[in-house]
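This is what each chain is made of:
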Amino acid sequence: MKISEIRLTVVGIPRSTGFVSKHVIVELDTDEGLTGIGEMSDFSHLPHYAVDVFDLKHSLEDILLGKNPFDISLINKELTANFPEANFYYEKGNFIRNGVDAALHDLCAKALNISVADLIGGRIQEKIKVCFPIFRHRFMEEVEENLAVVRTRLAQGFDTYRLYVGKNLDADEAFLDGVKSEFGSKVTIKSLDFSHLLDWKSALQATKRLSKYEFQMVESPAVQNDFDGLHHFRIKADHPVSEHVWSFRQQYEMIRHDSVDIFNISPIFIGGITSARKAAAAAEVAGKGCLMGTTQELSIGTAAMAHLGSSLVNLNYTSDPTGPELYIADIVKNPVKYENGYLLVPGRDRPGLGMELDWNLIEQYRVKDLSWGQVSVHQLQDRTTQTK
Ligand SMILES: O=C(O)C(=O)C[C@@H](O)[C@H](O)C(=O)O
Ligand SMILES: [Mg+2]
Ligand SMILES: [Mg+2]
């Protein structure tokens, strides 16, 4: 079997907050009539420049056309040579490799008539515990809006939340106070996520201030790649520390500096299912915990994570992917499902990722490229359309 054609389609899909995320859908055709699909999810992150999708298609054609899709390791090696790791959380090369690697997995599993989870080691869990995101407060008036989000989502079964913090601590505190008094033990706060916005000392002070409320861990409480800072924070804080993995060098440094307790691993930020499995294995070997993060994928990207999570032996903390619940629409006929705060892994009876494209929806949300339009740094950091 040989890859014979590549198609890249860009969609721009708003979230219920109004923020629009742009994604690239990848289709890989083969000479045997099979098509694999993948997703380069959420290009709407810093850095504030756009990948030229027309040009990208040509680069990928050079790498992929004529290759046997089962040569996943070889193809990943070539992808990494062309789109190298850059030690930045939102490095777009990782998004590109991720979309291709997902499509390869979909294609190979379809060729064998098995699911992707079965291709990569089989199923340890059929559902994955997830938390719902509460985006960062900038103003006090957002506290009530976010408590209303908890009210609505709790009724749908989401009993665990992660809170982005660090821009308005009074509002962060008011939110946590509101959650405690209104929902009590019915709601769990999984993490406070500082998103690298503060240096470790400021994050430590903020964490101490918010520690009168219960939460399970603290994420990204230092600037990016400050491995010593994360270590100092970790030694001084009572809570476990989690950090995203965005390159193998960075993961190695975090292990060497004993910077974290938990690795937040997601295919989008490390460049695919293949790399995410390596990162999870490294976490296991280093004796660290593991959870699956998110960029807020659509259903194809989320299904890829569900299959990955299903096969991981060390997924020992609540994970993050809830994208399909945040966007106002999806681009597949059969979106992934959530039940009682769990992401359900598509069944063994559905070959590949178990997703089928819906071209009516794609046409509705298709945009011509990844260009940005009007958006500010704070909107990108806080995933909001709020212009104040
Ligand atoms: O844990 C994180 O960090 C995220 O979830 C990052 C978010 O910015 C996410 O990528 C989003 O687009 O909302
Ligand atoms: Mg995070
Ligand atoms: Mg994102």
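Residues numbered from 1 in each chain as written. Chains lettered and ligands numbered in written order. Predicted model: local features only at pLDDT ≥ 70, side-chain atom pairs only at ≥ 80, totals over all residues. Heavy atoms only, no water.

The chain is annotated in an unreviewed UniProt entry as Mandelate racemase/muconate lactonizing enzyme family protein from Paenibacillus agricola.

Per the secondary structure count, the chain includes 15 helices and 13 strands. The C-alpha radius of gyration of the chain comes to 20 Å, within 12% of the 21 Å expected for a compact globule of 388 residues. The principal-axis extents of the C-alpha atoms in the chain amount to approximately 60 × 45 × 40 Å. Across the 388 residues in the chain, those meeting the buried criterion constitute 59%. Residue pairs at least 24 apart in sequence account for 74% of intrachain contacts in the chain once pairs closer than 6 positions are excluded. Between the centroid of the 41 positive side chains of the chain and the centroid of its 52 negative side chains there is a distance of 2 Å. (Helix = DSSP H or I, 4+ residues; strand = E, 2+ residues; numbered from the N terminus. Rg over C-alpha atoms; globule rule 2.2 N^0.38 Å. Buried < 20%, exposed > 50% of the residue type's maximum accessible area, 1.4 Å probe, protein only. Contact = heavy atoms within 4.5 Å. Lys, Arg positive; Asp, Glu negative; His and termini not counted. Charge placed at Lys NZ, Arg CZ, Asp CG, Glu CD.)

What follows concerns empty space enclosed by the protein. If you walk through the whole model with that rule in mind, you get 1 cavity of 30 Å³ or more. A volume near 60 Å³ is recorded for the largest cavity. Forming the walls of the largest cavity are Gly38, Glu39, Ser41, Asn98, Ala102, Pro267, Ile268, Glu297, Ile300, Gly301, Ala304 and Met305. Contributions of two or more residues to the lining of the largest cavity are made by strand E3 (35-40), helix H3 (92-112), helix H10 (267-270) and helix H12 (299-311). Take the lining of the largest cavity: its biggest share by element is 4 residues, from H12. Considered class by class, the residues forming the lining of the largest cavity number 6 nonpolar, 4 polar and 2 charged. Counting the residues that make up the lining of the largest cavity, at least three belong to each of domain 1 (3-114 + 363-382) and domain 2 (118-352). (1 Å grid on protein atoms, 1.4 Å probe; cavity = no way out; pocket = protein on both sides within 12 Å on 5 of 7 lines; lining within 4 Å. Points joined across faces, edges and corners; volume = space filled by probe spheres on them. Nonpolar A, V, L, I, M, F, W, Y, C, P; charged D, E, K, R; others polar. Domains from an automatic or database assignment.)

Mean pLDDT for the chain: 97, with 100% of residues reaching 70 or above. Our summary of model confidence lists the complex with pTM equal to 0.97 and ipTM equal to 0.97. (pLDDT = per-residue confidence, 0-100.)

Donor atoms from the polypeptide that bind the magnesium ion (ligand 3) are Asp42 (OD), His45 (NE2), Thr295 (O) and Thr295 (OG1), placed at 2.1 to 2.2 Å. What the 6 donor atoms of the magnesium ion (ligand 3) show is an angle range of 74 to 174° at the metal, which sorts the shape as octahedral. Each donor residue of the magnesium ion (ligand 3) lies on the same chain, and together they follow the pattern D-x2-H-x249-T. (Donors = N, O, S within 2.8 Å, 3.2 Å for Na, K, Ca; no water. Tetrahedral: all angles 85-135°; square planar, octahedral: opposite > 155°, others 65-115°.)

The subject of this paragraph is the UniProt feature "domain: Enolase C-terminal" (unreviewed entry) in the chain. Within this numbering scheme, the UniProt entry marks residues 150-359 as carrying the feature "domain: Enolase C-terminal" (unreviewed entry). The span residues 150-359 is 41% helix and 15% strand, and its two end C-alpha atoms sit 33 Å from each other. (UniProt positions renumbered as here; feature names shortened; annotations may be inferred.)

Here the focus is the UniProt feature "domain: Mandelate racemase/muconate lactonizing enzyme N-terminal" (unreviewed entry) in the chain. With numbering matched to this structure, UniProt assigns "domain: Mandelate racemase/muconate lactonizing enzyme N-terminal" (unreviewed entry) to residues 21-121. Helix makes up 48% of residues 21-121 and strand 16%, with an end-to-end C-alpha separation of 32 Å.

A word on the site of ligand 1. The environment of ligand 1 is made up of 15 residues, and the closest members are Arg15, Asp42, Tyr89, Tyr164 and Arg383. Contact between ligand 1 and His45: an oxygen atom at 3.1 Å from a side-chain N or O atom of the residue. A distance of 3.2 Å separates an oxygen atom of ligand 1 from a polar atom in the side chain of Tyr90. Isolated, ligand 1 exposes 340 Å² of accessible area, and the fraction of that covered by the protein chains is 98%. Its residues assigned to classes, the shell around ligand 1 comprises 4 nonpolar, 5 polar and 6 charged. (Near = heavy atom within 4 Å. Polar contact = N/O pair within 3.5 Å; in protein donor to acceptor, adjacent residues only side chain to side chain. Areas by Shrake-Rupley, 256 points an atom, 1.4 Å probe, with all protein chains shown as cover.)

For helix H8 (residues 227-236), the complete set of buried residues consists of Phe227, Gly229, Leu230, Phe233 and Arg234. In an axial view of H8, the angular spread of the buried residues amounts to 160°, which keeps them on one side of the axis. The secondary structure elements touched by the buried residues of H8 are helix H7 (200-210), strand E8 (217-219), strand E9 (241-244) and helix H9 (248-256). (Arc of directions from axis to C-beta.)

One way to put it is that helix H6 (residues 169-183) packs onto H7 with a least axis distance of 10 Å and a crossing angle of 30°. Comparing the axis directions of H6 and H7 gives the class roughly parallel. When the axes of H6 and H7 are compared, the crossing they make is right-handed. Only Ala206, Arg209 and Leu210 of H7 make contact with H6, whose side of the interface consists of Leu169, Asp170, Asp172, Glu173 and Leu176. Counted by class, the contact of H6 with H7 contains 4 nonpolar, no polar and 4 charged residues. (Axes fitted to C-alpha atoms, helices over the stretch in contact; angles between N-to-C directions. Parallel < 35°, antiparallel > 145°, perpendicular 65-115°, else oblique. Left-handed = near helix turned anticlockwise from the far one by under 90°.)

Annotation of the chain at the domain level lists domain 1 (3-114 + 363-382) and domain 2 (118-352). Averaged C-alpha coordinates put domain 1 and domain 2 at centres separated by 22 Å. Between domain 1 and domain 2 lies a buried interface of about 3,700 Å² when both sides are counted; carbon and sulfur atoms form 59% of it. Interface area lost by domain 1 to domain 2 is led by Asn87, Tyr89 and Asp382, which between them contribute 21%. A salt bridge links Arg138 to Asp382; the shortest N-O distance between them is 3.6 Å. The tally of links between domain 1 and domain 2 comes to 25 residue pairs in polar contact (both at pLDDT 80 or more). Sorting the residues of the side of domain 1 that touches domain 2 by element identifies strand E1 (3-14), strand E2 (20-30), E3, helix H2 (72-82), H3 and helix H15 (377-382) as the ones contributing at least two each. At 11 residues, H3 tops the list of elements feeding residues into the side of domain 1 that touches domain 2. (Buried area = accessible area lost by both parts, 1.4 Å probe. Salt bridge = Lys/Arg side-chain N within 4 Å of Asp/Glu carboxyl O.)

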